[in-house]
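Below, each chain spelled out in residue letters.
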Amino acid sequence: MMPASVYIGLMSGTSLDGIDAVAVRFEPHFQLIETHSEALPESLNQRIRGLLAPGDNEIDRLGMLDLELGKAFADASNNLLAKCSLSSADIQAIGSHGQTIRHRPEHNFTLQSGDPNTIAEHTGIMTVADFRRRDMAAGGQGAPLVPAFHNALFRSTETNRVIVNIGGMANLTVLPANADAEVLGYDTGPGNVLMDSWINEHQQLSHDKDGDWAAQGSVIPQLLEQMLSLPFFHEPAPKSTGREQFNLIWIQRMLVLLDQAPNNTDVQTTLAELTATSIAMAIKSHQLDSAEVYLCGGGSHNKYLQQRIQTLLPGYTVATTAALDLHPDWVEAVAFAWLAKQTLDNLPGNMPTVTGASGFRTLGAIYPA
Ligand SMILES: Nc1ncnc2c1ncn2[C@@H]1O[C@H](COP(=O)(O)OP(=O)(O)OP(=O)(O)O)[C@@H](O)[C@H]1O
Ligand SMILES: [Mg+2]
């Protein structure tokens, strides 16, 4: 039997594209053992979407969803283990982020669903979950939580690095080469969420593969300017955001302010440009002499978006975290495996400079096997 130092990370992000599961070892050195991705069943996807905005009978609907999601997370974990011939006894713990149903840092609350009791029950593995609320209890935004992991895995003493996760939302981590300088991190705004919503509305597709549709249009300057005038983009960190802010209704509200009815393709191009510009603006604001920029998350596969980010950042090298030996699809799930290890080792998972919490905290709650 293998030594029990393998952790599982489970992530289901704001894009609602599915559950990512990884089995990893952090000692004696980092090793990604197995990966697995499982689409969310359509019925579950619809039930999550039905709870993203206020509506009727939310408590019952959330209670039932919580259980079903817990089962789906457990299934993803069990299927991952079957792929690599490991058993529950080989796993130290599961770190489960859960599905964000509401993120309201302005009211000091955030809600992730996917019952960890159910995960522990259906896997036989100790489960660590509810990572964000301790940071919020300490006055933080509860997000982003990945910067501490980026710092542990990706920091270099030779070059400044910026890690940009482009999921539903986009968040960055600045890792200065100077070991005494602070790590910074925050949400820059939308990642894929606006492009996904727009193509879904007009072409019934889940996403704009490689940015091919966006690449066909032209930016609508008035729309871009109007969207960029949203206070969020100009607020100082700490800051975090979610679907509460960036969604189809926000796009539609922006469109009615235009002088002319827009072409749908040009709107898609503008949404891609908004994403690229808000990321590039944030990186430039740190006035680093030079930096390597590494993209991860599903948006790193969007060729058009990546090209726009590179063009808006002359003088920076833009690549994906594959260049740092971690495939961009798995960074977030690995981060939650790492956060679970931090919890069990009684070490901090947050970075107060990032979330604004009053100090370092050990995050999460432990649900025994
Ligand atoms: N080839 C591709 N071209 C364009 N976009 C892609 C491609 N592959 C994936 N994506 C985008 O990536 C999204 C999924 O990314 P990811 O799983 O990182 O986000 P997430 O689940 O929201 O995670 P989180 O919000 O926690 O970072 C899809 O919804 C899609 O928009
Ligand atoms: Mg995802």
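Everything discussed here concerns the structure shown above.
Residues numbered from 1 in each chain as written. Chains lettered and ligands numbered in written order. Predicted model: local features only at pLDDT ≥ 70, side-chain atom pairs only at ≥ 80, totals over all residues. Heavy atoms only, no water.

1. Some remarks on the overall build of the protein chain
Looking only at helices and strands, the protein chain features twelve helices and twelve strands. Against the globule reference of 21 Å for 369 residues, the protein chain gives a C-alpha radius of gyration of 20 Å, in line with a compact fold. With respect to the three principal axes, the spread of C-alpha positions in the protein chain is 65 × 50 × 40 Å. Expressed as a percentage of the 369 residues in the protein chain, the buried residues total 57%. Entry remark: accessible area of the protein chain is about 15,400 Å², with carbon and sulfur atoms responsible for 50%. For the protein chain, the centre of its 22 positive side-chain charges and the centre of its 39 negative side-chain charges are spaced 2 Å apart. (Helix = DSSP H or I, 4+ residues; strand = E, 2+ residues; numbered from the N terminus. Rg over C-alpha atoms; globule rule 2.2 N^0.38 Å. Buried < 20%, exposed > 50% of the residue type's maximum accessible area, 1.4 Å probe, protein only. Areas by Shrake-Rupley, 256 points an atom, 1.4 Å probe, with all protein chains shown as cover. Lys, Arg positive; Asp, Glu negative; His and termini not counted. Charge placed at Lys NZ, Arg CZ, Asp CG, Glu CD.)

2. Concerning the site of ligand 1
In the region of ligand 1, 21 residues are neighbours, and Ser15, Gly168, Asp196, Asp210 and Gly298 sit closest. In this structure, an oxygen atom belonging to ligand 1 sits 2.9 Å away from a side-chain N or O atom of Asn165. Taking Asp196, its side chain carries an N or O atom lying 2.6 Å from an oxygen atom of ligand 1. When the free accessible area of ligand 1 is taken as 640 Å², the share hidden by the protein chains comes to 87%. Per-class residue counts for the shell around ligand 1 are two nonpolar, 13 polar and six charged. Here the shell around ligand 1 spans two domains, since at least three of its residues come from each of domain 1 (6-142 + 330-367) and domain 2 (146-324). (Near = heavy atom within 4 Å. Polar contact = N/O pair within 3.5 Å; in protein donor to acceptor, adjacent residues only side chain to side chain. Nonpolar A, V, L, I, M, F, W, Y, C, P; charged D, E, K, R; others polar. Domains from an automatic or database assignment.)

3. Focus on helix 11 (residues 331-344)
In an α-helix there are 3.6 residues to a turn, and that puts residues three or four apart on one side. Taking 1.5 Å per residue as the helical rise, helix 11 with its 14 residues ought to reach 20 Å, and the 20 Å between its terminal C-alpha atoms agrees with that figure. Of all 14 residues in helix 11, 13 are buried, a share of seventy percent or more. The positive-phi residue at the C-terminal boundary of helix 11 is Asn346, with phi of around 60°. (Expected span 1.5 Å × (residues − 1).)

4. Points about the nonpolar core
Formed by 49 residues in total, the largest nonpolar core has its most connected members in Val164, Phe246, Ile251, Ile283, Val293 and Ile309. Elements with a contribution of two residues or more to this core: strand 7 (161-166), strand 8 (169-175), helix 6 (193-203), helix 7 (221-228), helix 8 (248-255), helix 9 (264-284), strand 10 (292-296) and helix 10 (303-312). Ranked by the residues each element gives to this core, the list is headed by helix 9, at nine residues. Those residues in contact with Ile251, other than ones at most four positions away along the chain, are Leu194, Trp198, Met227, Val267 and Leu271. If you look at the next biggest cluster of nonpolar residues, it comprises 33 residues, including Phe26, Ala93, Leu145 and Leu324. (Core = buried A, V, L, I, M, F, W, Y, C linked by side-chain atoms within 4.5 Å. Contact = heavy atoms within 4.5 Å.)

5. Points about the sheet that holds strand 8
Across the sheet, five strands lie side by side as 9-8-7-10-11; this open sheet has mixed pairing. In the strand order of this sheet, the two ends are held by strand 9 (184-190) and strand 11 (317-320), each with one partner. Neighbour-to-neighbour, the strand axes of this sheet turn through a mean angle of 20°, independent of strand direction. In the sheet, strand 10 pairs with strand 11 via four bridges, with the strands oriented parallel. Within the sheet, the bridge partner assigned to Glu292 lies in strand 11 and is Thr317. (Pairing = 2+ DSSP bridges. Axes fitted to C-alpha atoms, helices over the stretch in contact; angles between N-to-C directions.)

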